[in-house]
Each structure stands twice: as C-alpha cells, then as structure tokens.
Amino acid sequence: MRTPEEIKTRVEELLSRMTLEEKIGQMVQSAGTDTTAIGGDVKTSPLEGLIAEGKIGSIIYMPDSAAMARHLQRIAVEKSRLGIPLIFCQDVIHGFQTIFPIPLAWSCSFDPDLVQRATEVSAKEATRAGIMLAFAPMLDIARDPRWGRISEGAGEDPYLDSRMARAEVLGYQGGEGGQGLGDGEHMAACLKHFVGYGAAEAGRDYNTVEISPSTLHNVYLPAFQAGVDAGAASVMPSFNLVDGVSSAASPYVLQELLRKELGFEGVIVSDYAAVFEVIAHGLAADEREAAERCANAGLDIEMATDLFNRELPKLVMEGKVPESLIDDAVRRILTLKFRLGIMDDPYLYMHEGEEEKTYLAPEHLAVARRLAQESAVLLKNDGALPLRKGAKIALVGPCADSRDQLGPWQFSKRAERTVTLKEGLEEKGFAVLCEPATTIHEELVGGINRAVKLAQDCDVVVLAVGEDMTMSGEASCRQEICVPAIQMELARAVAAVGKPVVAVVTCGRPLLLDWFDKNANAVLCAWFAGTEAGHALSDLLSGEANPSGKLSVTFPRSMGQIPLYYNHMNTGRPWNGVSDEKFVSRYLDGPNTPLYPFGHGLSYSAFRLTEAALSSGEMARDGALTVSAKVKNVSDVPGTAVLQMYLRDVAARIARPVKELKGFARVDLAPGEEKTVELPITPDLLRFHDGREWVLEPGRFVVMLGFSSADDQLEKLEFSLA
Ligand code: BGC
C-alpha cells in the first residue's frame, strides 16, 4: 500500500504531464453507453472512443460483469495517451446481488454492526464485477413519507442516521479512514445527497427546499459529518436548491459547508445531469454558464452529461475558470485512483470466474436473513402472533407469494432467488392455502371471493398487502400514502369472516395503517425485506425469531398530520392531548399524536426497566456522565430489548426539540434474565447550532430512557451542565 506522501508525489508527477483536456476528462463521468445523455455527440464519439481520447475518468452503470469492466479498462490503460484507469461506479445501496432490506428498514434494526456487515458484503459482491465506488450511503433525513426516497435513508432522526452513516462507510471502505481501500474487496463510499434533499416541499421529488441555518446544522448535517469523520472518499451534492442555488453550483454548500465546516477533502461528484439542470433551475442561461458555475463552485466530477468536456477548455482559456481549480479537482480524483489501487493494478477489481461463487454466498444470505429479521417492526399484536404450530393459514393478498420484496434502488440480476412469504411459511411446515386475490392495484377475477372462502376454511388469515417496488424510491412520491384501494377491499372482506387476522405490510415508506390497527389482530411492517424476505418474515411469524425492530420513522394517522416527527419543538402553546382547549397547538378534527411513534416496535418478550440512574447530577463542560438502568426480560421468551435514551435541553438560546435520541443499546435477554445497561452522555451530545455557531450551553437537561419515544413509557432523570 502506498503512503499518502508517495501518492502525493505520484499525483503531482502525473498532473504535470497532463494537457488541459486530459485533466478535464478526469472530471467527466459517463453514464454507461449513454455518454452524452443530454446534448452530447454520441454518434461521432461513442464511449470507447471517448475513453481512448482520455475524455472520461469514470463510469456509472456500465460494467455488468468483470469481463465488461476489464474490456473498458483496457481501452483506458492501453489506448489513452497517459493510460489512466477508470473508476467504475454503481448505486450499491442495499446490496449488489444479495439484497438486504431497504435502508429505511435496516435502520429499524438499531444494529449498526450488522448494517456494517451488510455493506461489507455489498462491497465484496460489487467489487467482483469491477465496481469500486458505491453511490451510498444515502443520508437524507426525511420527515415526509410522501417523498419516495424516504425508503433509501435512515428515517427522521439525526443521531440514528449518524450511527448508520458511520457503519455503512466503515463497511464499504473496510474500516476507519478507508483502511480497506485498495485491497480489492472494499470500495469507496459516496455520501449523498448533500444537502437537505429530504426536505423537498410537499414531499415531491426534486422540489424546492427551505431550511433555516439552525435546522440545517442540527438535523441535516450531522450524518454527513459522521460519514466524513469515518473517512468517506466522496460526496454527492443534492439536486435541490439550498438558499436559492442548487448544490452542485453552490459555493456555500460545497466550500463553506462541506469543505470548511465538515472538513471534507475527498472527491465531489455531481448527481445525474445536475450540472445541466442548473439551466432549468434558472441559475444559468446556457450550458457554458452552467459548467462555469459548477466548476467554480468546486464540483470535481460531472455525472452523465458532457458540459465540462465541451465548455471548460474555453472557460479556462478565457480566464473564467482558474486552471488551479481544475488542477485541484484532478489531484483529488487521481489521489482516489491511487487509494483504490488501480493506478498500480487497473484490473484489481475484475474477478472473472469469482462472481458466481460470491453472489448470494451462504454467509451473505445469512446476513440478509438476520438483518431482515431485525428490520421488520411488529406494530401491533394482541396475541395472534406467533402463529400456533400446525395452524392452517389462509395466506391472502398480492404480496403473499410475490418476489417483489427487493424494493427500489437495487439492480440484482437474481430477483428470482427472492424467497416469498408463502415459501417461507411452507418451509416451516404450516399448511398454507394461498390466494393473491388482487394485484397491487386490481382485483384478479373472483379473487376476493376466493380469499374469503379460504379464510372461512382456515384457523388464521395472514393478509400480505402493501406497495410494489415502483411505488417508492426516486421520483415515486405519493399524495395518499395508503394501502391501495383494492387491497383495502380485500382486507375488509377477509376481516369480516371473523378469523384472527395478521397483516404483513410490504412497503417503502410509512403507510396509513389506522384501519389495520383497529381491525387486525397483529400488524407486522415487513418493509422491502430483500432476498431473504420470506425466510426472515416466516421466522418472525412462527416465533422462531423474536421481533426486535423499532421504527426509525413516525407512522402518522392521517395525511393532514404530515410532516410529523418525534423530535419536534414544543411551541408556546403545546397541547396535552386530552383537554378541550381551543387556543393550543392542535387540530379540530384529529389528534396530534402519531399512530406509531418513532422507536416503537413490539416483541414476543416483555421487558421491564428499573433502577434508572445517572452517575452524577452535574456534568462539567469537558466531563461525561453515565446513565445506567436494569433491563429485565419478564417473560418466558428469549428476546432483544432496544433501550433508547432521549435528551431534552430544558431552556436554551434557541428552542430545542422536546426530545432527541442520543443513545441506544440492543440487549439480548434470556427468559428472566436481567442486565445492567450503561450509556454515555458526552458534551458533543449536548451541543447545538444556533444558526451562527455551535454552542454548548450550561443548564438543565432531562434524560428519558425507555423502549420507544412515546412519553408515557419513559423514565425521567435530570442533570445540569456547569
Ligand atoms: C440519484 C442518485 C444516483 C444517481 C445515479 C440520481 O438520479 O439521485 O442518488 O446516485 O442517479 O444513479
């Protein structure tokens, strides 16, 4: 492995031999064969020609296989004047061939170590095909479930998001500071989308964003800081406007926030066609101005469009873009190429012959199954779950025997290996009578009647309903986040039979589940659980595994409550939820509280929390405290409790949220077992940004400990910061 000094010397030496055009070529990322998606000259310069001319530095989407990657790499190495190899990139978001639950789901595991393992597996599989940079993790805080991309991130909480960010970066890159880069089995991570993309107005993708400086810092930046601190090699600016300028063209976002405040030194790569879209935003009159603005803002790589190649040479000649700025961008890109090891061995990631034996390897599937078990959230259970051994099950609904369990943002070519719920339940020895009854949106002829008949003949109904994979993800926003109407019709019809109903909901976002909460005996949120969906879900339904997932995002009762999140401000007129007062912060026609709060999730065990205590009632500015509590499994079922610690800053110069997650622990407990859990409180958990600077203010803090963010379950303690 080369030392940073060695890399620096080599980069300078190479840079000194590059023409301006060759430098700019490194700043261009082609989108597969579609090199010139917008405005390019694909006929005269197909991909291979551009590579040979040194006009492309990296590629997204292209290599399906190690052989294809090798073919293109050979052109770069053997035909281009300087032989600089390409970086192959891909959206490896929740798995490459083995697909894990969507990130919104896996964040419900509150298990960063297992998520790290999943991204390590993703890297192992993707690098077999020549891919060396993942456009992940996606760190956008999302408080609006209409927004389809809520599925791709860790939900609504900055602390949980930060823990996941760190875990994912460590997994992809093989440890702290990118230690594993260059070993051929790990890959560069890319934090995205910087910043505020999840705050799209009205939950509509690509829409405008308005965020105050304090909210930007306290809510949207922490996970990016965590990712930068873990050593992420690259960052992708977001499509949206931040204070009127799209991130790819914003010196404030790229220089002030990302480089100066967060201290990021790696490569900044635009989102797909984001340079070109500066024109539609109304920030540039033409392509030349768009290229000028983005280059001067400090964007290193343009993805998918070809404006840098066409416009930057002239802009540099005219003195509108300083060549020193181009040099700096190219230094960063070449440094990454050295760190990835491809300057020394361009074919390091091409493992022809190893692909098949790596993909869906038993140990990869084991991680997928475990993570899917931990990600599913048991929202309600009146005792219908676990299913009685030998029960005769009427398994009805469009998700019952469907392989559409992988969710958005995955490109697995092995979707046929996805285990369905039906297959999973049958493997457990249940008698399963299955009737899909509907597709996601339409009834199969006579389907609902057939489902009702099955329900009459069986002991229990498992109702498998929800969304398909096209209903969440990018550009898949919904105005009504409900279970589609025909499936509701099915649900009502089978529930009317009077047998116990267990709803299993496949989804990429929180859905409105009020009807299910009232009418089903149990509700399990499965999310898109991945390749091992059917195994993991039937493990949970049968009781072979015990649910431990906790919601990383609030489930509202109605559309009118959105945006609804647990870490909100108190307002000057908070409502206590019961009184009939008028001039308080409430609705006339419904409660303020969610259907299921952040942190909620049931288990087949019962846990008791006792002896919550703080190591001291005072904390020095440079000190630390320990919160401890005993957690006991008071049931006869082994299980995992997820202890959650929330803090509230009672009075501060700017209002602080009613509570904020600042620590958690998964506690495995045998029946009757009790463990003492300790969680640290350090000054970095208490500081906040007041819109101008980070501050650590003296004063009183309340500590709340419990198994969900919901008020009535929390044990309260207090301390003062001196
Ligand atoms: C998405 C990014 C993604 C890129 C490349 C864009 O549309 O916003 O998240 O990395 O496409 O696929």
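Residues numbered from 1 in each chain as written. Predicted model: local features only at pLDDT ≥ 70, side-chain atom pairs only at ≥ 80, totals over all residues. Heavy atoms only, no water.

> Explain the overall build of the protein chain to me, please; I cannot follow it from the model alone.
Each helix and strand in the protein chain was counted, giving 21 helices and 26 strands. Radius of gyration (C-alpha) of the protein chain: 26 Å, near the 27 Å computed for a compact globule of 722 residues. Principal-axis analysis of the C-alpha atoms places the extent of the protein chain at approximately 75 × 65 × 45 Å. Taken across its 722 residues, the protein chain has 62% of its residues classed as buried. By sequence separation, contacts in the protein chain at least 24 residues apart represent 78% of the contacts at least 6 residues apart. (Helix = DSSP H or I, 4+ residues; strand = E, 2+ residues; numbered from the N terminus. Rg over C-alpha atoms; globule rule 2.2 N^0.38 Å. Buried < 20%, exposed > 50% of the residue type's maximum accessible area, 1.4 Å probe, protein only. Contact = heavy atoms within 4.5 Å.)

> Can you help me understand the site of the ligand in this one?
Around the ligand lies a shell of 14 residues, among which Tyr61, Asp91, Arg149, His193 and Asp271 are the nearest. In the environment of the ligand, an oxygen atom lies 2.5 Å from a nitrogen or oxygen atom belonging to the side chain of Tyr61. In the environment of the ligand, an oxygen atom lies 2.4 Å from a nitrogen or oxygen atom belonging to the side chain of Asp91. For the ligand, the protein covers 96% of the area, taking 310 Å² as the surface of the free molecule. Here the shell around the ligand is composed, by residue class, of 8 nonpolar, 1 polar and 5 charged. (Near = heavy atom within 4 Å. Polar contact = N/O pair within 3.5 Å; in protein donor to acceptor, adjacent residues only side chain to side chain. Areas by Shrake-Rupley, 256 points an atom, 1.4 Å probe, with all protein chains shown as cover. Nonpolar A, V, L, I, M, F, W, Y, C, P; charged D, E, K, R; others polar.)

> It is not clear to me how the sheet that holds strand β19 (residues 625-633) should be interpreted in this structure. Could you clarify?
The sheet built from 3 strands is open, its strands ordered β17-β19-β22 with antiparallel pairing. Lying at the two open borders of the sheet, with one neighbouring strand each, are β17 (607-614) and β22 (674-681). Across this sheet, the average inter-strand angle for adjacent strands is 20°, counted without regard to direction. Relative to β19, β17 is paired through 6 bridges, and the arrangement is antiparallel. Each bridged residue has a counterpart across the sheet, and for Thr610 the counterpart in β19 is Lys630. (Pairing = 2+ DSSP bridges. Axes fitted to C-alpha atoms, helices over the stretch in contact; angles between N-to-C directions.)

> Got a minute to help me understand the packing of aromatic side chains in this structure?
For any two aromatic rings, the description comes down to two numbers: the centre-to-centre distance and the angle of the planes. Summed over the entire model, instances satisfying the criterion amount to 17 aromatic pairs. Taking the ring centre of Tyr565 as reference, the NZ or CZ of Arg143 above it sits at 3.6 Å. When the ring centre of Trp409 is taken as reference, the NZ or CZ atom of Lys192 above it lies at 5.3 Å. (Phe/Tyr/Trp six-rings, centres within 6.5 Å; stacked < 30°, edge-to-face > 60°. Lys NZ or Arg CZ within 6 Å of the ring centre and 35° of its normal.)

> Is there a simple way to explain the confidence of the model for the protein chain in this structure?
Scored by pLDDT, the protein chain has a mean of 96; 98% of the residues are at 70 or more. In the predicted structure, residues 35-44 sits below a pLDDT of 50 and forms 20 contacts with residues beyond four places in sequence or in another chain. (pLDDT = per-residue confidence, 0-100.)

> Would you take a moment to explain the nonpolar core for this structure?
The nonpolar side chains of a soluble globular protein tend to be buried with one another. Phe194, Val195, Phe308, Leu513, Phe516 and Trp527 are the most contacted members of the largest nonpolar core, which has 173 residues in total. Looking at which element gives the most residues to this core, the answer is helix α14 (residues 323-339), with 7 residues. Formed jointly, this core draws a minimum of three residues from each of two domains, domain 1 (4-339) and domain 2 (376-561). Apart from the residues lying within four places of it in its own chain, the contact partners of Val195 are Leu216, Tyr220, Leu221, Phe224, Ser238, Asn240, Val242, Ser247, Val253 and Leu257. With 29 residues, the next largest nonpolar core counts Ala376, Phe430, Val432 and Tyr604 among its residues. (Core = buried A, V, L, I, M, F, W, Y, C linked by side-chain atoms within 4.5 Å. Domains from an automatic or database assignment.)

> How do you make sense of the pairing of strand β14 (residues 460-466) when you look at a structure like this?
Every regular strand shows the same layout, with side chains that alternate between the two sheet faces. In terms of residue burial, β14 counts as a mostly covered element, since 7 of its 7 residues are buried. Where burial is concerned, the two faces of β14 agree: the one with Val460, Val462, Ala464 and Gly466 and the one with Val461, Leu463 and Val465 are both buried. Two strands pair when backbone bridges link them, and strand β12 (residues 392-396) and β14 are joined in this way by 4 bridges, in the parallel orientation. Residue pairing for β14: Ile393 is matched across the bridge by Val460. Direction of pairing for β14 relative to strand β15 (residues 501-506): parallel, over a ladder of 6 bridges. Pairing of Gly466 across the sheet is with Thr506, part of β15. Handedness of the crossover joining β14 and β15 through helix α19 (residues 485-495) is recorded here as right-handed. (Right-handed = clockwise from strand over helix to strand, strands pointing away.)

> Just to check I follow, could you spell out the side chain of Asp205 for this structure?
One can find Asp205 in the loop between β5 (188-194) and α8 (213-220). Arg149 provides the closest opposite charge to the buried, salt-bridge-free Asp205, at an N-O distance of 4.8 Å. Aside from chain neighbours lying at most four places away, what touches Asp205 is Trp147, Arg149, Tyr197, Glu474, Ala475 and Cys477. (Lys, Arg positive; Asp, Glu negative; His and termini not counted. Salt bridge = Lys/Arg side-chain N within 4 Å of Asp/Glu carboxyl O.)

> Hey, could you run me through the pattern of salt bridges in this one?
Should the charged atoms of two oppositely charged side chains come close, the side chains can pair. Going through the model one piece at a time under the given rule, you end up with 50 salt bridges. Here Arg146 and Asp144 are joined by a salt bridge, their closest N and O atoms 2.7 Å apart. Taking the shortest distance from any N to any O, the salt bridge between Glu660 and Arg656 comes out at 3.2 Å. Considered together, Glu660 and Arg656 belong to a single accessibility category, that of buried residues.

> Just checking my understanding: could you explain the packing of helix α1 (residues 4-16) against α14 for this structure?
Axes are the key here: two packed helices are described by the angle between their axes and the distance separating the axes. Contact pair α1 / α14: the axes reach a minimum separation of 9 Å and the direction vectors enclose 130°. When the axis of α1 is compared with that of α14, the two are oblique. Considering the relative orientation of α1 and α14, their crossing is right-handed. The residues of α14 that touch α1, namely those facing Ile7, Arg10, Val11, Glu12, Leu14 and Leu15, are Asp327, Val330, Arg331, Leu334, Thr335, Phe338 and Arg339. Class assignment of the residues belonging to the contact of α1 with α14 gives a composition of 7 nonpolar, 1 polar and 5 charged. (Parallel < 35°, antiparallel > 145°, perpendicular 65-115°, else oblique. Left-handed = near helix turned anticlockwise from the far one by under 90°.)

> Where do I start with the environment of Lys422 in this structure?
Position of Lys422 relative to the elements: it lies in helix α17 (residues 421-427). When the C-alpha atoms of Lys422 and Asp539 are compared, they prove to be 12 Å apart, with 117 residues separating the residues in sequence. When sequence neighbours within four positions are dropped, the list of residues in contact with Lys422 reads Leu395, Ala400, Asp401, Val432 and Cys434.

> Hey, could you run me through the domain arrangement of the protein chain in this one?
Often, the extent of an interface is quoted as the loss of accessible area on bringing the components together. For the protein chain, the assigned domains read domain 1 (4-339), domain 2 (376-561) and domain 3 (607-721). Placing a centre on the C-alpha atoms of domain 2 and another on those of domain 3 gives a separation of 34 Å.

> Hey, could you run me through the sheet that holds strand β16 (residues 522-525) in this one?
Sheet strands line up and pair through hydrogen bonds in the backbone, either parallel or antiparallel. Ordered by their spatial adjacency, 6 strands build an open sheet running β11-β16-β15-β14-β12-β13, and the pairing between neighbours is mixed. Only two strands of the sheet have a single neighbouring strand rather than two, namely β11 (377-381) and β13 (431-435). In this sheet, neighbouring strand axes are inclined to one another by 20° on average, regardless of whether the strands run parallel or antiparallel. Of the pairings in the sheet, the one linking β11 to β16 comprises 4 bridges and is antiparallel in character. Looking at β16, one finds that Lys380 is bridged to Val523. Sheet contacts for helix α18 (residues 447-457): β12, β13 and β14; angle to β13, the most-contacted strand, approximately 160°.

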